[in-house]
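Okay, here's what each chain looks like letter by letter:
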Amino acid sequence: MPPILPRFLNITRDLRNYVLVVTLFLVLTYSVYLLFGDDTVIELGKEDGVFEYLTAIFFLVASIFFIKIYFSNRNGWFLLLALVFFIGCGEEISWGQRIFNLSTPNVLGRINTQNEINLHNIKIFNATDNRGIAKFHTINFLYKLFWLTYGVFLPIAAFHIRSIFSITEKVRLPIPPVPIGVFFLINWLVFRIAMSFILPTDKTVQYYYTIGEIMECGTAFIFMTLSIYFHNKSTFQSHKNFVNRMNQ
């Protein structure tokens, strides 16, 4: 049964370190605009730059932890999450195209807006006109919908609504703890506030592109942190079950 409302955002002892690490990471990454000059900021956020590769690494680590959890408890949701983040890792670096100097197949090149080996830049998922219905099938929108639904709305709903909590328990859907999940929203709000009110308005497009990469990197880091949390929780539960069986 979910805890009562006043404890909604309580940071318990087992969550404190995760919250601290995510907070520190977000502060450090967004601080590049305060710590470095324009050229360095642009370099960090460029294609195949530091933040893009960090995003891919975080997705890969999350995938590894989720697959480890799946093999320990055979919960299919963790296998699905592992697959999602493995694909996310591959897509982020165009499946190693530039690392291994691979050519884009002609068929894919004709429908890919950047002539790359990936799915997220296929025209249907990367509309140049994001107004109206077109924006609802872009990868950026679908990814935002995913982290907002799974990371923020679902934990809050399961926390407050008994029927939703019961359903997630029956289907064994792993629910992120709210104190971690809320960072998805915080990360996006920092990005929007910085873009609208803090960053200067007379810079190049590449300068602003970096903060978008920072935001994506932040969500990837939160997902990686979440995968470690689930892994540690699963390991603890497995150890507890083993001890109980030994004591019977």
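The shown structure was predicted, so the numbers you read here are calculated from the model rather than taken from an experiment.

(A) View of the overall build of the protein. Looking only at helices and strands, one finds 10 helices and 0 strands in the protein. For the protein, the sequential pattern of α-helices and β-strands runs α-α-α-α-α-α-α-α-α-α. A total of 248 residues make up the protein; the buried ones form 40% of that total. Long-range contacts, defined as pairs at least 24 residues apart, comprise 64% of the intrachain contacts of the protein with a sequence gap of at least 6. Accessible area for the protein stands at about 14,700 Å²; split by element, carbon and sulfur atoms hold 67% of it.

(B) Region of the structure containing a nonpolar patch on the surface. A cluster of nonpolar side chains, namely Leu60, Ile64, Trp77, Leu80, Leu83, Val84, Phe86, Ile87, Trp95, Ile167 and Val171, defines an oily patch on the protein surface of about 940 Å² accessible area. Broken down by secondary-structure element, the contributors of at least two residues to the nonpolar patch are helix H4 (50-73) and helix H5 (76-92). With 6 residues, H5 is the single largest residue contributor to the nonpolar patch. One can find Ile167 in helix H8 (residues 162-170).

(C) How the structure looks around the environment of Met224. Tracing the chain through its elements places Met224 in helix H10 (residues 205-247). Exposure remark for Met224: the relative accessible area of 11% places this residue in the buried category. Spatially, the C-alpha atom of Met224 lies 6.4 Å from that of Val61, the residues being 163 residues apart in sequence.

(D) The arrangement of the packing of aromatic side chains in detail. Taken as a whole and judged by the stated rule, the model has 22 aromatic pairs. Seen from their ring centres, Phe85 and Phe146 are 6.3 Å apart, and the 55 degrees between their planes marks the pair as tilted. Taken together, the residues Phe85 in helix H5 and Phe146 in helix H7 (residues 139-160) connect sequence positions 61 residues apart. Sitting above the plane of the Tyr207 ring, Lys203 keeps its charged end 5.6 Å from the centroid.

(E) Up close: the nonpolar core. Ranked by size, the top nonpolar core spans 50 residues in total, and within it Tyr33, Phe66, Tyr150 and Phe230 carry the most contacts. Among the secondary structure elements, those contributing two or more residues to this core are helix H1 (13-30), helix H2 (32-35), helix H3 (38-45), H4, H5, H7, helix H9 (178-198) and H10. Residues within four places of Tyr33 in sequence aside, it is in contact with Val41, Leu199, Tyr207, Tyr208, Thr210, Ile211 and Ile214.

(F) Molecular detail of the packing of H7 against H9. Where H7 meets H9, the axes come as close as 8 Å, and the angle between the chain directions of the two elements is 140 degrees. In terms of their interaxial angle, H7 and H9 are classed as oblique. Crossing handedness for the pair H7 and H9: left-handed. Residues Lys144, Trp147, Leu148, Gly151, Val152, Pro155 and Ile156 of H7 touch H9, and the partners they reach there are Val178, Gly181, Val182, Phe184, Leu185 and Trp188.

(G) Structural view of the side chain of Asn118. Position of Asn118 relative to the elements: it lies in the loop between helix H6 (106-111) and H7. Among the polar contacts listed, one links the side chain of Asn118 to the side chain of Ser94, at a separation of 3.0 Å.

(H) Layout of H5. For H5, spanning 17 residues, the distance from its first C-alpha to its last is 24 Å, which sits close to the expected 24 Å at 1.5 Å a residue. Taken as a whole, H5 has its buried residues at Phe78, Leu81, Ala82, Phe85, Gly88, Cys89, Gly90, Glu91 and Glu92. The distance from a side-chain oxygen at the start of H5 to the backbone nitrogen of Trp77 is 3.0 Å, and the residue carrying that oxygen is Asn75.

Cut-offs and rules
Residues numbered from 1 in each chain as written. Predicted model: local features only at pLDDT ≥ 70, side-chain atom pairs only at ≥ 80, totals over all residues. Heavy atoms only, no water. Helix = DSSP H or I, 4+ residues; strand = E, 2+ residues; numbered from the N terminus. Buried < 20%, exposed > 50% of the residue type's maximum accessible area, 1.4 Å probe, protein only. Contact = heavy atoms within 4.5 Å. Areas by Shrake-Rupley, 256 points an atom, 1.4 Å probe, with all protein chains shown as cover. Patch = residues over 30% accessible without salt bridge, like charges linked within 9 Å, V, L, I, M, F, W, Y side chains within 5 Å. Salt bridge = Lys/Arg side-chain N within 4 Å of Asp/Glu carboxyl O. Phe/Tyr/Trp six-rings, centres within 6.5 Å; stacked < 30°, edge-to-face > 60°. Lys NZ or Arg CZ within 6 Å of the ring centre and 35° of its normal. Core = buried A, V, L, I, M, F, W, Y, C linked by side-chain atoms within 4.5 Å. Axes fitted to C-alpha atoms, helices over the stretch in contact; angles between N-to-C directions. Parallel < 35°, antiparallel > 145°, perpendicular 65-115°, else oblique. Left-handed = near helix turned anticlockwise from the far one by under 90°. Polar contact = N/O pair within 3.5 Å; in protein donor to acceptor, adjacent residues only side chain to side chain. Expected span 1.5 Å × (residues − 1).

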